[in-house]
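Listed below are the residues making up each chain.
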Amino acid sequence: MKLTLWTYEGPPHVGAMRVATAMKDLHFVLHAPQGDTYADLLFTMIERLPKRPPVTYSTFQARDLGKDTATLFKNAVQEAYTRFKPSAILVGASCTAELIQDDPGGLGQALNLPVPVIPVELPAYQKKENWGAAETFYQLVRFFNPRDERPEKSKDITCNILGPSSLGFRNADDVKEITGLLKELGVGVNVVAPLEASVDDLKKLRLANFNVLLYPEVGNMAADYLMKNFDQPQTKNLPYGVAGTKEFLLEVCRLAGLSESILKKDFFSVNSNRSEWYSRSVDSNYLTKKRVFVFGDATHVYSAAKVARDEFGFDVVGLGTYSREFAREIRDLGKEFGLEAIISDDYIAVEKTIVELQPELILGTQMERHIAKKHKIPSAVISAPMHVQDFPCRYSPQMGFEGSNVLFDTWIHPLVMGLEEHLLTMFRDDVEFNENAVPSHLASESQNTVSVSKINLTNSEVVWEQDAEKELKKIPFFVRGKARRNTEKFAVEHGFTRVSLDTLYDAKAHYAR
């Protein structure tokens, strides 16, 4: 563990809370000190849930450490059952309580409550939030689906949707979109879990024919258990982007034993998406080959990088993830793109990579949005962790055909606004425009993207002359930074300490070869 200003993932007990909060009649009793109750705010403030998460804390204080903290925990479990009457209780310890070694599992089960008490081991000093969510969901699935019980599967073709949870990036909207597409194929949804699932729903997971694995970070371990013990295959393709959604639907047809002919032209015309038309339109020609950096959880990075390259015509210059459990898959993806993927949960290292690559668009988490604002780069959030503005009131999926439309709007609008800002810059000398106005879509705290007149490059100071600085402002702002850097590099390599108008033109000719 380390002290940091920002973290991509919380401790594993936050992951367990995400699963418990997503479900209907499950309660989580957490052995934790008073300060750990902050986690409630993640759900009530950021996700804007109308009620508190179903979590009870033992809330021991410093003065309790010399006493019987085990009794405090047992009382908390008993009180939680008496008050909330859940169908099952999860018990675990936070990172601080882990050091006390009170054994929450044993203490909870010793109470002999009339509902199952399921312990989860959450090693806070080795693992993080997504692993905690995956482990919790796996333990629940395993507990309520013992491998020695093999009931007959439903005669109807059904599947489970695994992985969506509370605090997931647009998870509820994705489930709605994918459920609709499955229904049109004639495939019923047996259970969605953990999101909105009850304990009885978990018991029915084994009845489905196959599993749709939407979010491997949370659902992968449970899906593997169901495949191994109940012969339920799982989808490998993610319905992200137009091509990804079509591949996903073809895979569903194969797993469901349906003829692929069902996906004829009529199906796709009914489920049309405007992003395909936009991508072939004249406007999109101005947006191709934009340099893009992609960072976030493994699911969204893996999918977004391919959509950015194959469907938007972007040039992916860097990618990475904080999900160390999926480091191998993202490194392989990096090799496919001819890149070395960054696997890190250090936002400072991510920012350093962004500065070195100088992308024209950043697709990332809430932290990458802050980094983008700092360096005046257009951005869009594609992955958790995110803030309250990424839980919109409107229907806004990321997956399926409608998700493709949302992706197009979310990714392209920052760049289109960039073109608009360039027109404003061109006419900045007109009386109705203010040259010092902050670009509206960047929300920059500074006055201008080219306000710096000096730069220290490789220990050499380069000064811009006034006429060269004025000419530089005529270059579209979304490539102005690159033009400035190339010109300064050219000046340093040729021993110039000042950038004149001639130097600017010479550098332009040099890099245009």
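Residues numbered from 1 in each chain as written. Predicted model: local features only at pLDDT ≥ 70, side-chain atom pairs only at ≥ 80, totals over all residues. Heavy atoms only, no water.

1. Digging into the environment of His 510
1) Next: By the element assignment, His 510 lies in helix α20 (residues 501–511).
2) Next: Each C-alpha atom of the pair His 510 and Thr 487 lies 9.5 Å from the other, and the pair is 23 residues apart in sequence. (Helix = DSSP H or I, 4+ residues; strand = E, 2+ residues; numbered from the N terminus.)

2. Topic: unusual backbone geometry
1) Next: The residue after Ala 193, namely Pro 194, is reached through a cis peptide bond having omega 5 degrees.
2) Next: Residue position: Pro 194 is located in the loop between β6 (188–193) and α8 (199–203).
3) Next: That bond from Ala 384 to Pro 385 is cis: its omega, 0 degrees, falls within 30 degrees of zero.
4) Next: Relative to the assigned elements, Pro 385 resides in the loop between β12 (379–381) and α17 (400–426).

3. Topic: the pairing of strand β3 (residues 88–93)
1) Next: Within β3, six of the six residues are buried, which leaves it mostly tucked inside the rest of the structure.
2) Next: Residues of β3 alternate between two faces, with Ala 88, Leu 90 and Gly 92 on one and Ile 89, Val 91 and Ala 93 on the opposite face, all of them buried.
3) Next: Bridge count for β3 against strand β4 (residues 117–119) is three bridges, and the pairing is parallel. Along β4, the bridge assignment pairs Leu 90 with Ile 118. (Buried < 20%, exposed > 50% of the residue type's maximum accessible area, 1.4 Å probe, protein only. Pairing = 2+ DSSP bridges.)

4. Description of the pairing of strand β11 (residues 361–364)
1) Next: Residues Leu 361 and Leu 363 point to one face of β11 and Ile 362 and Gly 364 to the other, with burial holding for every one of them.
2) Next: Summarising the sheet, β11 and β12 pair through three bridges and their orientation is parallel. Residue pairing for β12: Leu 363 is matched across the bridge by Ala 380.
3) Next: With respect to chirality, the unit in which β11 leads through helix α16 (residues 366–374) into the neighbouring parallel β12 is right-handed. (Right-handed = clockwise from strand over helix to strand, strands pointing away.)

5. Some points on helix α10 (residues 241–256)
1) Next: For α10, with 16 residues, the first-to-last C-alpha span of 22 Å sits near the 22 Å given by 1.5 Å per residue.
2) Next: When α10 is considered as a whole, its buried residues turn out to be Gly 241, Val 242, Gly 244, Thr 245, Phe 248, Leu 249, Glu 251, Val 252, Cys 253 and Ala 256.
3) Next: Just downstream of α10, Gly 257 is the residue with a positive phi angle, here 75 degrees. (Expected span 1.5 Å × (residues − 1).)

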